[in-house]
Each structure stands twice: as C-alpha cells, then as structure tokens.
Amino acid sequence: RHDAFLDESAIDPDAAKVVRRLERHGFQCYLVGGCIRDLLLGGRPKDFDIATSARPEDVRSLFRNCRIIGRRFRLAHVLFGGGKVIEVATFRKNPQEIDEEEDLLIRSDNVFGEAHEDAIRRDFTINALFYDLDRRQVLDWCGGMEDIAKRTIRTIGEPSVRFREDPVRILRAIKFAARLDLGIEPTVYDAMVSHREDLARAARPRVFEEVLRLMRQGSAHRSMWITWESGVMAVLMPELAAFLDDEESHPEAVARFWRQLDAVDRTTHARGPIEDTVLMMMLFYEPLEEAMAGSRDRMRAAGDFLAPVAERVAIPRRVGDSMRRIVALLPRLRTGRAVRAGRNGELVTLAQRVLELVSAS
Ligand code: ATP
Ligand code: MG
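Note that the structure is predicted; figures quoted are calculated from it, not measured.

Undergrad: When you look at the side chain of Asp 118 in this model, what are you seeing that I'm missing?
TA: Examined against the element boundaries, Asp 118 turns out to sit in helix H4 (residues 115-120). Of the residues examined, Asp 118 reaches a relative accessible area of 1% and is grouped as buried. Within the local environment of Asp 118, its side chain forms a polar contact with the backbone nitrogen of Arg 92, the two atoms lying 2.7 Å apart. Within the local environment of Asp 118, its side chain forms a polar contact with the side chain of Arg 122, the two groups lying 2.6 Å apart. What Asp 118 contacts, discounting residues up to four positions off in sequence, is Thr 90, Phe 91, Arg 92 and Phe 130.

Undergrad: Is there a simple way to explain helix H13 (residues 251-271) in this structure?
TA: Since there are 3.6 residues in each turn of an α-helix, residues three or four apart along the chain are aligned in direction. Its 21 residues place the ends of H13 30 Å apart at the C-alpha level, agreeing with the 30 Å of an ideal helix rising 1.5 Å per residue. The elements touched by buried residues of H13 are helix H9 (204-216), helix H10 (220-229), helix H12 (238-245), helix H14 (276-292) and helix H17 (345-359). Looking one or two residues past H13, Gly 272 carries a phi angle of roughly 90°, positive in sign.

Undergrad: Explain the nonpolar core here, please?
TA: Core analysis: the largest hydrophobic core is formed by 110 residues, its most contacted members being Leu 31, Leu 283 and Phe 284. Of all the elements, H14 adds the most residues to this core, at 10 residues. Apart from the residues within four sequence positions on either side, Leu 283 is in contact with Val 211, Met 215, Met 224, Met 237, Leu 240 and Phe 257. Val 32, Ala 51, Ala 115 and Leu 139 belong to the second-largest nonpolar core, a separate cluster that totals 11 residues.

Undergrad: In this structure, what is going on with the site of ligand 1? I would like to understand it.
TA: Near ligand 1, the surroundings consist of 15 residues, among which Arg 37, Lys 46, Asp 166, Arg 169 and Arg 179 are the closest. Interatomic distance of 2.6 Å between a side-chain N/O atom of Lys 46 and an oxygen atom of ligand 1. Measuring from an oxygen atom of ligand 1, one finds a side-chain N or O atom of Arg 122 at 3.0 Å. Calculation on ligand 1 without its partners gives an accessible area of 580 Å², and the protein chains cover 81% of this total. For the shell around ligand 1, the secondary structure elements donating two or more residues are helix H2 (34-40) and helix H7 (168-180). For the shell around ligand 1, the residue count by class is 1 nonpolar, 3 polar and 11 charged.

Undergrad: What is the right way to look at unusual backbone geometry in this model?
TA: One can expect most non-glycine residues to show negative phi and most peptide bonds to be in trans. Despite not being glycine, Arg 151 shows a phi value in the positive range, around 50°. Residue classification places Arg 151 among the partly exposed residues on the basis of a relative accessible area of 35%. Even without a glycine there, the phi angle at Ala 314 is positive, about 55°. Relative to the helices and strands, Ala 314 resides in the loop between helix H15 (298-313) and helix H16 (317-334). Here Ala 314 falls in the buried class, since its relative accessible area comes to 19%.

Undergrad: Help me understand the packing of H13 against H17 in this model?
TA: Helix-helix packing: each pair is described by the crossing angle between the helix axes and the interaxial distance. Taken N-terminus to C-terminus, the directions of H13 and H17 make an angle of 110°; their axes are 8 Å apart at the nearest point. Overall, the two elements H13 and H17 adopt an arrangement that is roughly perpendicular. Between H13 and H17 lies a crossing of right-handed hand. Within the contact between the two elements, H13 uses Gln 260, Ala 263, Val 264, Thr 267 and Arg 271 and H17 uses Glu 356, Leu 357 and Val 358. The residue inventory of the contact of H13 with H17, partitioned by class, reads 4 nonpolar, 2 polar and 2 charged.

Cut-off values and rules
- Residues numbered from 1 in each chain as written.
- Chains lettered and ligands numbered in written order.
- Predicted model: local features only at pLDDT ≥ 70, side-chain atom pairs only at ≥ 80, totals over all residues.
- Heavy atoms only, no water.
- Helix = DSSP H or I, 4+ residues; strand = E, 2+ residues; numbered from the N terminus.
- Buried < 20%, exposed > 50% of the residue type's maximum accessible area, 1.4 Å probe, protein only.
- Polar contact = N/O pair within 3.5 Å; in protein donor to acceptor, adjacent residues only side chain to side chain.
- Contact = heavy atoms within 4.5 Å.
- Expected span 1.5 Å × (residues − 1).
- Core = buried A, V, L, I, M, F, W, Y, C linked by side-chain atoms within 4.5 Å.
- Near = heavy atom within 4 Å.
- Areas by Shrake-Rupley, 256 points an atom, 1.4 Å probe, with all protein chains shown as cover.
- Nonpolar A, V, L, I, M, F, W, Y, C, P; charged D, E, K, R; others polar.
- Axes fitted to C-alpha atoms, helices over the stretch in contact; angles between N-to-C directions.
- Parallel < 35°, antiparallel > 145°, perpendicular 65-115°, else oblique.
- Left-handed = near helix turned anticlockwise from the far one by under 90°.

The structure is reproduced here in structure tokens:
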C-alpha cells in the first residue's frame, strides 16, 4: 500500500459514487487500471473502471441504472446522464495455468477471484494499480508504482509468456509507450521483437482495432515509428514496412509519410478524433500513390495494393470499400473540379479531409 498523491478532483464524481455505495454495502471496491495510471502520470483519464468483490448481480441490485453485459466475462455497466458508462468488473483471476508450452493462448477468462489475483492477471505493471478511495492509498502488487516513477512499461511476469498468451499485448505496449511517452523495459522490448510473428495468428478484428488506436490518440507518428522499428509492422503491414525500409530509393516520399502522421497528430489534438477511414488512408497514402504511379488503371492498381493489406489486418469491408472510392475521388478533388456530392456526400467529405491532412503536412 502506498499513500497516494493523486489529484482527486480529477476523479469522476459518478465513479466515486459507485465505489462508495458498493463499499457501504460491504464489498471491496477500487478504481483500477488505465485511470489510475493516467492520474499518476498527470494525465486526464478518458474513463474510470472499477473492480469489486461484488458479483454482477450484486451490482445490478444496488443500482437501478445498471445493465449486465458480456457473456464470456460478465460486467456491470452503471449508466449516468449524457451517455456516461462506468464499468464495474468483479475481481477475476487467470484460469488455471495451462501447461502445454505451445498453447498458452488464453481462451476463457471468467473465474472470479481476489483483488490481488485480479491485479496480476493484467498486462503491464502500470495498468495493475488499484486505488482505495476511502484510505487514499494505491494498492500495488506488481511494482507498478516504481515503474510509473521510472516511466517504464514492464509486463507482469515473464514477457515472452505474457506476449504468447495474448500477442495483442505487443500492440498495447506500443500504444502506451507512444501515447504516454514511456520507455519499454529492454527485456520486454526484446520479447516483443521475438514474438511479433504471433500477431499473425491473433484475432484479426482485435488487431485492426489496436492499429486504429495507435493512429487515433494523437501519437500516430511515435506509434508507427515503434511499430516499424520493432519489426511488428513487417508482420502486420509488410507493404508499408517495405516502403519505409526502402527509404534510399524515395527519401521524399518517406519524409512526407512521417509529416502526414504529424498532421494527423496535430489535427487530433486540435479537433478530436479523426474518422477511421481517413486514418487508414493516411497510413497508406504514400505507398498507394506509389503503387498507382505509372499505372494506366489507377483504380485497379489501388485495389491490387489494398486487397492483401485489408486481408491481413482485417480492415472491415465498409472501411476498405470507402478507401478505394476515396482513391478514385482524389484526382478530381485535387484539381478543384466540382464533384457531384449527391449520394457520395459523406465520401467526398472524407476524401477532402484526406487532402486537407496531406496539404497541412
Ligand atoms: P485506455 O486508456 O487506452 O483505455 P486502459 O489501460 O484503460 O487504456 P483498456 O483496454 O481500457 O486499457 O483495459 C482496461 C484494463 O484491463 C487495463 O488497464 C489492463 O489492466 C487490463 N487489460 C486490458 N487488456 C488486457 C490484455 N490484453 N491482457 C491483460 N490485461 C488487459
Ligand atoms: Mg480504458
């Protein structure tokens, strides 16, 4: 237990209400995970998650505005005005360790447990801190406070085991390093590099979602730099990795790529999140231009380039189709020719946004 120096005024009052009511009814209850990490690092948490000894049914009986979600692991959502959702999860532990070396992949994850078990099943030490509102103390079973002080990302337990259990954690490490400007502990980084191929067999929708998160949070440049440098990009987006590896043959294009990501980050900070389709377009804008250059059938060339990309990271059809149609719109928009909006109105807006970002860079 550490006496904490958290700015309690930054804690969401509704989340605090939920914690206090559960405690009044005799349950253990803590603020956990990302919100405590962000508060300790001086940031503003985007949501407040709660872990408790209460079962989902207990939570529901205490809050009228509550629904239980999820099948594999059931959680309670307590709803407040303005669409605010406070997620309340019962302490869980890792299902019995599976011995077979080759099959560490976590399949089921719904065994209730104690607070400390809930902490050590988490991914990184900085994500495993529990905050006791009542006593104003941080509970730390994994050395997370020290890693916060050192601004370091470290897995809980053996990095290679944790990355094999869930390869998506490799992308999460990159996300936190980039977004919070933290270092990655060297043995953790080495394990990310050694196990990067495992990402090819991770659930692809989760991979796509994490790639979007890398692009979304105002640190796209740093995220993609680490993704490239660690060799993770060569697994997930080999076309883009090859484009960056071959800097010598097109240094200007590579420089433009990084400047475009800077523009993405500036715009995100200034105006909030950018549409998924636009983010994916910015990731592939330069290599797409290159694939289309000199081709008589630009659309065909773009389609041929995007098909394997979309397949590998499971870009949803909705996003992939829009990307192809945006590519088709760009030449006309670039020359300022009028484009009939009509049915394509939304797409034209997205294409314009891409051009804005390109010209802002
Ligand atoms: P963000 O600010 O991006 O939401 P977060 O840390 O809150 O960051 P979430 O994805 O919301 O991340 O997850 C909440 C918590 O659940 C994490 O802080 C971590 O403790 C735990 N967690 C999430 N994903 C995993 C995972 N793949 N393996 C182990 N623990 C995880
Ligand atoms: Mg979160």
